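So you can see what is in the structure, the chains are spelled out below.
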Amino acid sequence: MWLQDPNGFSDEKAESRLYVGNLDLRITEATLIKMFSPYGKIISEDFLWHTRGPRRGEPRGFAFIQFSSKETQNFLIPTVKVSMQEAKLAKEKMHGRLACGRPLVVRISSDRSLEEAAAQSSSRTAASAPRKPGLPSQPTGQTNKSAKIAAIKNKLRALEEETTSVKKQKLAIDSITSK
């Protein structure tokens, strides 16, 4: 989410921060910095790790990179444009580039939520059948939740059938060996 001050200037930190996704597990923090440093001065990077569960300590597959902004005392708009240009250049050059065999997903972090919202609304519109005016459509999250529940139920049914067939086989083997 990007912020605006009362004068209408966008928050330079949000505009100069990149989301980098689809990272291979072999990519390290140092590698990531080396890949993006040609496009500007990096002042911070947040390389995210799993903190719980069986994957604890492994990379999560995405990171955030913050480019520096060449600040002046008055925080003038040309200053903001410099840091935005660095981030936009890095986004243009690195988005889709292969790293360890995987295409990188690079976005301005403030654009990420806007793009996801647009993608969800367009997929919801394309997937939904025409409906009567005034009736609410089922939210995408609810549809995904229902689909996940159905998949889990199907998996449980398959496991139960497998367990039943294994038990029948054991009974048949036991009855043959006991004779």
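Above this text you will find the structure in question.
Now for a description of the structure that goes with this document. (Residues numbered from 1 in each chain as written. Predicted model: local features only at pLDDT ≥ 70, side-chain atom pairs only at ≥ 80, totals over all residues. Heavy atoms only, no water.)

**Examining a nonpolar patch on the surface**
Working step 1: Side chains of Ile-152, Leu-156 and Leu-159 sit close together on the surface and give an oily, nonpolar patch of about 280 Å² of accessible area.
Working step 2: Along the chain, Leu-156 falls in helix α5 (residues 140-177). (Patch = residues over 30% accessible without salt bridge, like charges linked within 9 Å, V, L, I, M, F, W, Y side chains within 5 Å. Areas by Shrake-Rupley, 256 points an atom, 1.4 Å probe, with all protein chains shown as cover. Salt bridge = Lys/Arg side-chain N within 4 Å of Asp/Glu carboxyl O. Helix = DSSP H or I, 4+ residues; strand = E, 2+ residues; numbered from the N terminus.)

**With respect to the pattern of salt bridges**
Working step 1: Taken as a whole and assessed by the stated rule, the structure comprises three salt bridges.
Working step 2: Taking the shortest distance from any N to any O, the salt bridge between Arg-26 and Asp-24 comes out at 2.8 Å.
Working step 3: What makes Asp-24 buried here is its relative accessible area of 12%.
Working step 4: Between Arg-55 and Glu-58 there is a salt bridge; the shortest N-O distance is 3.4 Å.
Working step 5: Exposure remark for Arg-55: the relative accessible area of 40% places this residue in the partly exposed category. (Buried < 20%, exposed > 50% of the residue type's maximum accessible area, 1.4 Å probe, protein only.)

**A short note on the environment of His-50**
Working step 1: Tracing the backbone through its elements, the reader meets His-50 in the loop between β2 (42-49) and β3 (59-67).
Working step 2: Setting aside anything within four residues of it in sequence, one finds His-50 in contact with Arg-55, Arg-56, Gly-57, Glu-58, Pro-59 and Arg-60. (Contact = heavy atoms within 4.5 Å.)

**Examining the sheet that holds β3**
Working step 1: The four strands lie next to each other as β2-β3-β1-β6, forming an open sheet whose pairing is antiparallel. Of all strands in the sheet, those with a lone pairing partner are β2 and β6 (105-108), marking the two edges. Neighbouring strand axes in the sheet, compared pairwise and without regard to direction, differ in orientation by 20 degrees on average.
Working step 2: Pairing of β2 with β3 involves six bridges; the strand directions are antiparallel. Residue Ser-44 lies in a different strand from β3, and its bridge partner there is Gln-66.
Working step 3: Helix-sheet contacts for helix α2 (residues 29-36) involve β1 (17-21), β2, β3 and β6, and the interaxial angle to β2 is about 140 degrees. (Pairing = 2+ DSSP bridges. Axes fitted to C-alpha atoms, helices over the stretch in contact; angles between N-to-C directions.)

**Details of the environment of Arg-55**
Working step 1: One can find Arg-55 in the loop between β2 and β3.
Working step 2: Those residues in contact with Arg-55 that lie beyond four places of it in its chain are Leu-25 and His-50.

**Here we look at the packing of aromatic side chains**
Working step 1: For the structure on display, the rule yields four aromatic pairs.
Working step 2: Seen in terms of ring centroids, Phe-47 and Trp-49 are 5.2 Å apart; in terms of plane orientation they differ by 55 degrees. Their pairing is tilted.
Working step 3: Among the aromatic residues, those joined into a cluster by ring pairs are Tyr-19, Phe-62 and Phe-64. (Phe/Tyr/Trp six-rings, centres within 6.5 Å; stacked < 30°, edge-to-face > 60°.)

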